[in-house]
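Spelled out from the first residue to the last, the chains are:
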Amino acid sequence: QVQLEESGGGLVQAGGSLRLSCAASGFIVRDKAAGWYRQAPGKLRELVARISNSDTDYADSVKGRFTISRDNAKNTVYLQMNSLRPEDTAVYYCAAGAFPALRVGVADYWGQGTQVTVSS
């Protein structure tokens, strides 16, 4: 059974850091690209970052603050979030699929999401 399970969300003050984890089961993470998305209340889901075997890509709003990485031995994808801002508050989802398709929100697999709340 294919599953993506996010963890690491929570409440943090502005300027703080969180690291989100996305543990994959039922498939091998290195065989697919992976991405992190977020959706704030009343807003559309947006791509935050994506990673393939050879490339990474970030939304302009998180460049220089967020880092996506992958540990193939643990079959896990991470999102390190630094210098968090209140506008980063959202439910964060991980996904896996083809690198080009992730850019437009198309993925083979999705996680259930983890809440990140940044207080001012």
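Below is a short write-up of the structure.

Comments concerning the packing of aromatic side chains
Next, step 1: Inspection of the entire model under this criterion finds two aromatic pairs.
Next, step 2: Aromatic side chains F27 and Y109 sit 4.8 Å apart centroid to centroid with 35 degrees between the ring planes, which places their arrangement in the tilted category. With F27 in the loop between strand 3 (18-25) and strand 4 (33-39) and Y109 in strand 10 (residues 109-110), this pair connects stretches of sequence that are 82 residues apart.
Next, step 3: Given the relative accessible area of 12%, F27 is considered buried.
Next, step 4: On the accessibility criterion, Y109 (25% relative accessible area) is partly exposed.
Next, step 5: With centroids separated by 4.9 Å and ring planes inclined at 50 degrees, the aromatic side chains of Y37 and W110 adopt a geometry described as tilted. Here Y37 is found in strand 4, whereas its partner W110 is found in strand 10, with 73 residues between them in sequence.
Next, step 6: The exposure class of W110 is partly exposed, given its relative accessible area of 28%.
Next, step 7: Here the basic side chain of R45 rests over the ring of Y37, its NZ or CZ set 5.6 Å away from the ring centre.

Thoughts on the sheet that holds strand 3
Next, step 1: With antiparallel pairing, the four strands of this open sheet are ordered in space as 1-3-8-7. Here the strands that pair on one side only, and so sit at the sheet edges, are strand 1 (3-7) and strand 7 (66-71). Ignoring strand direction, the axes of neighbouring strands in this sheet form an average angle of 15 degrees.
Next, step 2: Of the strand pairs in this sheet, strand 7 and strand 8 (residues 76-81) are connected by six bridges, and their pairing is antiparallel.

Observations regarding the side chain of R38
Next, step 1: Looking at the secondary structure, you find R38 in strand 4.
Next, step 2: Using a relative accessible area of 6% as the deciding quantity, one classes R38 as buried.
Next, step 3: A distance of 2.9 Å separates polar atoms of two side chains, one belonging to R38 and the other to D88.
Next, step 4: A polar contact is formed between the side chain of R38 and the side chain of Y92, at a distance of 3.0 Å.
Next, step 5: If we ignore the near neighbours within four places in the chain, the residues touching R38 are L44, R45, E46, V48, S61, V62, F66, E87, D88, A90, V91 and Y92.

Points about the state of the cysteines
Next, step 1: All told, the structure shown has one disulfide when counted by the stated rule.
Next, step 2: In this model, C22 is linked to C94 through a disulfide, with the two sulfur atoms separated by 2.0 Å. On the sign convention where negative is left-handed, the bridge of C22 and C94, at about 55 degrees about the S-S bond, is right-handed. One end of the pair, C22, is in strand 3; the other, C94, is in strand 9 (residues 90-97), and 72 residues separate them in sequence.
Next, step 3: A relative accessible area of 3% means that C22 is categorised as buried.

Thresholds applied
Residues numbered from 1 in each chain as written. Predicted model: local features only at pLDDT ≥ 70, side-chain atom pairs only at ≥ 80, totals over all residues. Heavy atoms only, no water. Phe/Tyr/Trp six-rings, centres within 6.5 Å; stacked < 30°, edge-to-face > 60°. Helix = DSSP H or I, 4+ residues; strand = E, 2+ residues; numbered from the N terminus. Buried < 20%, exposed > 50% of the residue type's maximum accessible area, 1.4 Å probe, protein only. Lys NZ or Arg CZ within 6 Å of the ring centre and 35° of its normal. Pairing = 2+ DSSP bridges. Axes fitted to C-alpha atoms, helices over the stretch in contact; angles between N-to-C directions. Polar contact = N/O pair within 3.5 Å; in protein donor to acceptor, adjacent residues only side chain to side chain. Contact = heavy atoms within 4.5 Å. Disulfide = S-S within 2.5 Å.

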